[in-house]
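Read off the chains here:
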Amino acid sequence: AQSVTQPDIHITVSEGASLELRCNYSYGATPYLFWYVQSPGQGLQLLLKYFSGDTLVQGIKGFEAEFKRSQSSFNLRKPSVHWSDAAEYFCAVGGGTASKLTFGTGTRLQVTL
Amino acid sequence: GAGVSQSPSNKVTEKGKDVELRCDPISGHTALYWYRQSLGQGLEFLIYFQGNSAPDKSGLPSDRFSAERTGGSVSTLTIQRTQQEDSAVYLCASSLIQFGTDTQYFGPGTRLTVL
């Protein structure tokens, strides 16, 4: 069965500091990996995705993530956090076409000024 | 173009009543998914539709839950005899399966409160 673990429930960083959100997955075949962000009262917005190819993927809002097969990880990074990045971040794994997503429990990011 | 839309945005109902939640996918998207987001269970898959294939209902929590997709577009999720544990945000997503990949785009959700 597929699963996603986000070990950090809540992270606080200062504006301008770097950020790394951790994600570990379990999947029996080639995983398709996603990061979504959810602001309060909003739906999920896609930040970036990994299907194949270059293991370092770039997304919107200055985010990037690196797929490491040996570690079963897909960590999200941003070099300099902005106050508007405060939200909840979800990592998800799927199996490709027409495949349900399995989500992690989310990491809530708080940004201090 | 327009994203996924859902209606209503909020629904308050009494225990035992039936509710219908609507999802309008992105035009041209062939796959449609329903998920549920609750405090205790996180984000859970409920059901998905792909073209004319039989839907994958493996995530529906009970037979009180059903969904249909008319004309390959709009979908309705129906919950019969609602219970308090059905209170959650119901999210719809759609995708265009292309070149063997599938990226799901989510709507804003319907917040269901069962009193």
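Residues numbered from 1 in each chain as written. Chains lettered and ligands numbered in written order. Predicted model: local features only at pLDDT ≥ 70, side-chain atom pairs only at ≥ 80, totals over all residues. Heavy atoms only, no water.

### Considering the pairing of strand β6 (residues 44–50) of chain A
Residue and element names in this part refer to chain A. For the record, the criterion: Accessible area is worked out with a 1.4 Å probe on protein chains only. A residue is then buried under 20% of its type maximum, exposed over 50%, and partly exposed in between. What counts as a helix is a DSSP run of H or I of at least four residues, what counts as a strand is a run of E of at least two, and both are numbered from the N terminus. A pair of strands is labelled paired if DSSP reports no fewer than 2 bridges between them.
In terms of residue burial, β6 counts as a mostly covered element, since 5 of its 7 residues are buried. In this sheet, β6 lies alongside strand β5 (residues 32–38) in antiparallel orientation, the contact comprising 6 bridges. In the sheet register, F34 faces β6, and the bridge partner there is K49. Two successive antiparallel strands, β5 and β6, enclose a turn made up of 5 residues, where G41 displays a positive phi of approximately 75°.

### Looking at the pattern of salt bridges
All names here are of chain A. This is how it is decided: Should a side-chain nitrogen of Lys or Arg be within 4 Å of a carboxyl oxygen of Asp or Glu, the pair is scored as a salt bridge.
Tallying each qualifying case throughout the model produces 8 salt bridges over all chains. R77 is the partner of E64 in a salt bridge, and the nearest nitrogen-oxygen pair spans 3.2 Å. One end of the pair, E64, is in strand β8 (residues 64–68); the other, R77, is in strand β9 (residues 73–78), with 13 residues separating them in the sequence. Judged by its relative accessible area of 19%, E64 is buried. You can call R77 partly exposed: its relative accessible area is 23%.

### Side note on the nonpolar core
All names here are of chain A. Rules: What makes a nonpolar core is a set of buried Ala, Val, Leu, Ile, Met, Phe, Trp, Tyr and Cys residues whose side-chain atoms join them at distances within 4.5 Å. Only heavy atoms enter the contact rule, under which two residues are in contact if any of them lie within 4.5 Å.
Counting residues in hydrophobic clusters, the biggest one holds 26 residues, and the most contacted among them are L19, W35, L47, L48, F74, L76 and Y89. Residue assignment for this core shows that the elements contributing at least two residues are β2 (10–14), β3 (19–21), β5, β6, β8, β9, β10 (87–94) and β12 (107–112). If we skip the residues at most four places from it in the chain, F74 touches C23, L33, F34, W35, L48, K49, Y50, V57, A65, E66, F67 and C91.

### Considerations on the pairing of β10(A)
Residues and elements named next belong to chain A. In terms of residue burial, β10 counts as a mostly covered element, since 8 of its 8 residues are buried. In this sheet, β10 lies alongside β5 in antiparallel orientation, the contact comprising 7 bridges. Its bridge partner being in β10, V37 is matched across the sheet by Y89. Pairing analysis gives 3 bridges linking β10 to β12, with the strands arranged antiparallel. Within β12, the position partnered with Y89 by the bridge is T107.

### What about the layout of surface pockets?
The criterion, for reference: The pocket and cavity definitions rest on a 1 Å grid over protein atoms only: a 1.4 Å probe that fits but cannot leave marks a cavity, an open set with protein on both sides within 12 Å along at least five of seven lines marks a pocket, and residues lining either have an atom within 4 Å of a point. Grid points are joined across faces, edges and corners, and a volume is the space filled by probe spheres set on the points. Any residue outside Ala, Val, Leu, Ile, Met, Phe, Trp, Tyr, Cys, Pro, Asp, Glu, Lys and Arg is labelled polar, Gly included; the first ten of those are nonpolar and the last four are charged.
The volume enclosed by the largest pocket comes to roughly 650 Å³. Lining of the largest pocket is provided by 27 residues; of these, Q38(A), Q37(B), L39(B), V89(B) and R111(B) occupy positions nearest its centre. Listing elements by their share of the lining of the largest pocket, those giving two or more residues are β10 of chain A together with β4 (31–38), β5 (42–50), β8 (88–95) and β10 (110–114) of chain B. Top contributing element to the lining of the largest pocket by residue count: β10(B), with 4 residues. By residue class, the composition of the lining of the largest pocket is 8 nonpolar, 16 polar and 3 charged.

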